[in-house]
Amino acid sequence: MGELLSVLFIGTVMLASGLIVAFTTQEKGRKLGVFLILGGLFIYLVCFLFFPNNDNYRI
């Protein structure tokens, strides 16, 4: 469970920093912010799909 929490923490940091960068910088920073937001959401999706108690999505 600790591994999942650490990955969720990384996803939260990426999502929060992406939101900050996307809405406070100029054009070049917005592109980086969008990539950080998408990366954070992708990490959340992977954690949801591979959560041990989720019977709908299991390999």
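Thresholds, definitions, all that
- Residues numbered from 1 in each chain as written.
- Predicted model: local features only at pLDDT ≥ 70, side-chain atom pairs only at ≥ 80, totals over all residues.
- Heavy atoms only, no water.
- Helix = DSSP H or I, 4+ residues; strand = E, 2+ residues; numbered from the N terminus.
- Buried < 20%, exposed > 50% of the residue type's maximum accessible area, 1.4 Å probe, protein only.
- Contact = heavy atoms within 4.5 Å.
- Patch = residues over 30% accessible without salt bridge, like charges linked within 9 Å, V, L, I, M, F, W, Y side chains within 5 Å.
- Areas by Shrake-Rupley, 256 points an atom, 1.4 Å probe, with all protein chains shown as cover.
- Salt bridge = Lys/Arg side-chain N within 4 Å of Asp/Glu carboxyl O.
- Axes fitted to C-alpha atoms, helices over the stretch in contact; angles between N-to-C directions.
- Parallel < 35°, antiparallel > 145°, perpendicular 65-115°, else oblique.
- Left-handed = near helix turned anticlockwise from the far one by under 90°.
- Nonpolar A, V, L, I, M, F, W, Y, C, P; charged D, E, K, R; others polar.

(A) Focus on the environment of Leu 8. Within the fold, Leu 8 resides in helix α1 (residues 2-24). Its relative accessible area of 26% is what places Leu 8 among the partly exposed residues. Here Leu 8 is in contact with Tyr 44 and Cys 47, once residues within four sequence places are set aside.

(B) Quick look at the environment of Leu 15. Mapped onto the elements, Leu 15 comes out in helix α1. Spatially, the C-alpha atoms of Leu 15 and Leu 38 are 7.7 Å apart, while their sequence positions differ by 23 residues. Not counting residues within four places of it along the chain, the set of residues in contact with Leu 15 comprises Leu 36, Ile 37, Gly 40, Leu 41 and Tyr 44.

(C) Highlighting a nonpolar patch on the surface. A contiguous nonpolar patch, built from Phe 42, Leu 45, Val 46 and Phe 50 and spanning about 400 Å² of accessible area, is present on the exposed surface. Take Val 46: it is sitting in helix α2 (residues 27-49).

(D) Representation of the environment of Val 21. Within the secondary structure, Val 21 sits in helix α1. Taking relative accessible area as the criterion, Val 21 reaches 22% and is therefore assigned partly exposed. In the structure, Val 21 is positioned 16 residues away from Ile 37 in sequence and 9.6 Å away in space, judged by C-alpha atoms. With residues up to four places along the chain from it excluded, the contact list for Val 21 reads Gly 29 and Gly 33.

(E) Main features of the packing of α1 against α2. Interaxial distance between α1 and α2 falls to 7 Å at its minimum, and their mutual angle equals 155°. Taken as axis vectors, α1 and α2 run roughly antiparallel relative to one another. Of the two possible hands of crossing, α1 and α2 adopt the one that is left-handed. Of the residues in the contact of α1 with α2, the class split is 15 nonpolar, eight polar and one charged.

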